[in-house]
Amino acid sequence: EPEVTQTPSHQVTQMGQEVILRCVPISNHLYFYWYRQILGQKVEFLVSFYNNEISEKSEIFDDQFSVERPDGSNFTLKIRSTKLEDSAMYFCASSEQGRGETQYFGPGTRLLVL
Amino acid sequence: QQPVQSPQAVILREGEDAVINCSSSKALYSVHWYRQKHGEAPVFLMILLKGGEQKGHDKISASFNEKKQQSSLYLTASQLSYSGTYFCGTRSGGYNKLIFGAGTRLAVHP
């Protein structure tokens, strides 16, 4: 069964450093998402991406964040200058269509900012 | 706005039933239920769409009251594997994003 994959599984970085989180969505899916989950809390929407552009973003997704689909398979989340409060589990998700379709989550990248 | 889930936590013995509720102050297009085990990604369980269509799990059922903007997840004859945190994610209007509730922790004991 096709799965969303994410790399790395864990990332430790120093405050102020840039990180890039990578995702490979399910191959025939057209909509891509990033969510994050701070330890012990709920899953929060960051951004959705369709047709090579951002379709929605949350208040969390400020100028420090960017997303890109550099090729036909990868979908990346970049945090330009990490802060302590960026420490969280970051999940990538994808769906075949937009509304009314299941979003399948990847295993996540645990980011720790020191 | 984030949907409200209740209860916050449930403890069951194997074989017992549970109901988890999710309500929203906004009109809903769809409700998505996920289960998350500690340290793992949310796993899709069920989606309920406006208009009555339902897709998902054969051992877990759910309802969606569009007028009341509420959904309930029914776990019957619970198994140890049902333990985890259950999240409802809601979609409103023309948006694709899921807004998740705070979660309901379910623990099933032998």
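No experiment lies behind these values; they were computed from the predicted model shown.

S.K.: Break down the overall build of chain B for me, with residues and values.
M.R.: Tallying secondary structure elements over chain B gives zero helices and 11 strands in all. When its helices and strands are written in sequence order, chain B yields β-β-β-β-β-β-β-β-β-β-β. Taking 110 residues into account, the globule formula puts the C-alpha radius of gyration at 13 Å, and chain B, at 13 Å, falls close to it. For chain B, the spread of C-alpha atoms along the principal axes amounts to about 45 × 25 × 20 Å. Taking all 110 residues of chain B together, the buried fraction comes to 47%. Restricting to contacts in chain B with at least 6 residues of sequence separation, those with at least 24 account for 55%.

S.K.: Let's hear about the sheet that holds strand β1 (residues 5-7) of chain A: which residues, and what values?
M.R.: Residues and elements named next belong to chain A. On the basis of which strands lie adjacent, the open sheet formed by four strands has the order β1-β3-β8-β7 and antiparallel pairing. With one partner strand each, in any of the chains shown, β1 and β7 (65-68) form the two edges of the open sheet. Taken over all neighbouring pairs, the strand axes of this sheet differ in orientation by 20° on average, direction set aside. The sheet contact formed by β1 and strand β3 (residues 19-24) spans three bridges and is antiparallel. Each bridged residue has a counterpart across the sheet, and for Thr7 the counterpart in β3 is Arg22.

S.K.: Talk me through the interface of chain B and chain A; I want residue IDs and the actual numbers.
M.R.: If you look at the interface, chain B gives 24 residues, while chain A gives 20 residues. A buried area of about 1,900 Å², summed over both sides, lies between chain B and chain A, and 56% of it is on carbon and sulfur atoms. Three residues, Asn96, Lys97 and Phe100 of chain B, lead the burial of chain B against chain A; their summed loss comes to 27% of the area buried on that side. Seen at the junction of chain B and chain A, the total is zero salt bridges.

S.K.: Lay out the packing of aromatic side chains with the relevant residues and their values.
M.R.: Counting across every chain of the model gives 16 aromatic pairs over all chains. Look at Phe87 of chain B and Phe100 of chain B: their rings are 6.3 Å apart centre to centre, the planes differ by 85°, and that puts the pair in the edge-to-face class. Here Phe87 of chain B, found in strand β9 (residues 84-91), pairs with Phe100 of chain B, found in strand β10 (residues 99-100); they are 13 residues apart in sequence, far enough to count as distant. On the basis of relative accessible area, Phe87 of chain B is assigned to the buried category, the value being 3%. Taken together through their ring pairs, the aromatic side chains of Tyr33, Tyr35, Phe45, Phe91, Tyr104 and Phe105 of chain A together with Tyr34, Phe44, Phe87 and Phe100 of chain B make up a single cluster.

S.K.: Describe the pairing of strand β11 (residues 104-109) of chain B, and please don't skip the residues or the numbers.
M.R.: All names here are of chain B. Here β11 shows one buried face, formed by Thr104, Leu106 and Val108, and one open face, formed by Arg105, Ala107 and His109. Sheet analysis places strand β2 (residues 9-13) next to β11, joined by five bridges and oriented parallel. Across the sheet, Ile11 pairs through a bridge with Ala107, a residue of β11. With three bridges connecting them, β9 and β11 associate as antiparallel partners.

Thresholds applied
- Residues numbered from 1 in each chain as written.
- Chains lettered and ligands numbered in written order.
- Predicted model: local features only at pLDDT ≥ 70, side-chain atom pairs only at ≥ 80, totals over all residues.
- Heavy atoms only, no water.
- Helix = DSSP H or I, 4+ residues; strand = E, 2+ residues; numbered from the N terminus.
- Rg over C-alpha atoms; globule rule 2.2 N^0.38 Å.
- Buried < 20%, exposed > 50% of the residue type's maximum accessible area, 1.4 Å probe, protein only.
- Contact = heavy atoms within 4.5 Å.
- Pairing = 2+ DSSP bridges.
- Axes fitted to C-alpha atoms, helices over the stretch in contact; angles between N-to-C directions.
- Buried area = accessible area lost by both parts, 1.4 Å probe.
- Salt bridge = Lys/Arg side-chain N within 4 Å of Asp/Glu carboxyl O.
- Phe/Tyr/Trp six-rings, centres within 6.5 Å; stacked < 30°, edge-to-face > 60°.

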